[in-house]
Amino acid sequence: MKIVTALICGALLAGGVHAAPFAKGDPKIGKALHDKACTSCHVSMYGDDGSKIYTRADRKVKTPQQLAARISGCNANTGAGWFPEDEAHVGAYLNQQYYKFK
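As the structure is a computational prediction, the values presented were derived from the model and not from experiment.

## Some thoughts on the confidence of the model for the chain
Mean pLDDT over the chain: 86, with 81% of residues reaching 70 or higher. Put simply, helix 1 (residues 2-16) is where the chain has its lowest mean pLDDT, 40, and helix 6 (residues 84-99) is where it has its highest, 98. Under a pLDDT of 50 for its full length, residues 1-17 has, in the predicted model, two contacts with residues more than four places off or in other chains.

## Focus on the packing of aromatic side chains
Scanning the model with the defined rule gives three aromatic pairs in all. With centroids separated by 5.4 Å and ring planes inclined at 15°, the aromatic side chains of Tyr99 and Phe101 adopt a geometry described as stacked. Considered together, Tyr99 and Phe101 belong to a single accessibility category, that of buried residues. Grouped by ring-pair contacts, the aromatic residues Tyr54, Tyr98, Tyr99 and Phe101 constitute a single cluster.

## Some points on the pattern of salt bridges
Applying the stated criterion across every chain yields a total of two salt bridges. Among the ionic pairs, Arg56 bridges to Asp58, the shortest N-O distance being 3.1 Å.

## A short note on the side chain of Asn75
For Asn75, the position within the fold is in helix 5 (residues 64-78). Residue classification places Asn75 among the buried positions, given a relative accessible area of 8%. A distance of 2.7 Å separates polar atoms of two side chains, one belonging to Asn75 and the other to Glu87. Setting aside its immediate chain neighbours within four residues, Asn75 contacts Ala80, Gly81, Trp82 and Glu87.

## As for the packing of helix 5 against helix 6
Closest axis-to-axis distance for the helix 5/helix 6 pair is 10 Å, and the angle between their directions is 125°. Between helix 5 and helix 6, the angle is such that the two are oblique. Crossing hand, helix 5 versus helix 6: right-handed. Side by side, helix 5 and helix 6 meet where Leu67, Ile71, Ser72 and Asn75 of the first sit next to Glu87, Val90, Gly91, Leu94, Asn95 and Tyr99 of the second.

Rules behind the numbers
Residues numbered from 1 in each chain as written. Predicted model: local features only at pLDDT ≥ 70, side-chain atom pairs only at ≥ 80, totals over all residues. Heavy atoms only, no water. pLDDT = per-residue confidence, 0-100. Helix = DSSP H or I, 4+ residues; strand = E, 2+ residues; numbered from the N terminus. Contact = heavy atoms within 4.5 Å. Phe/Tyr/Trp six-rings, centres within 6.5 Å; stacked < 30°, edge-to-face > 60°. Buried < 20%, exposed > 50% of the residue type's maximum accessible area, 1.4 Å probe, protein only. Salt bridge = Lys/Arg side-chain N within 4 Å of Asp/Glu carboxyl O. Polar contact = N/O pair within 3.5 Å; in protein donor to acceptor, adjacent residues only side chain to side chain. Axes fitted to C-alpha atoms, helices over the stretch in contact; angles between N-to-C directions. Parallel < 35°, antiparallel > 145°, perpendicular 65-115°, else oblique. Left-handed = near helix turned anticlockwise from the far one by under 90°.

If you want it as structure tokens, here you go:
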């Protein structure tokens, strides 16, 4: 029995099951935070509604980790004052709306 349990746990740890990125974030809260702190800057850079920053062909963010780092960097650079859970909410919103990381 110990061997079977060890094999199952090993398979899970080796990559069989992963939590969705930003699983602890709430996209609805993230959208409100994003709209308040991010949109005006993105509009000034890309025009229209600013969403081109996420949809352009040469976007820099290719992994959930890069997205989390970008959100954290923008939070620090803009002085948004978000807590880590706020960053997770914004990540959940952006992932749901644009990135679709699994």
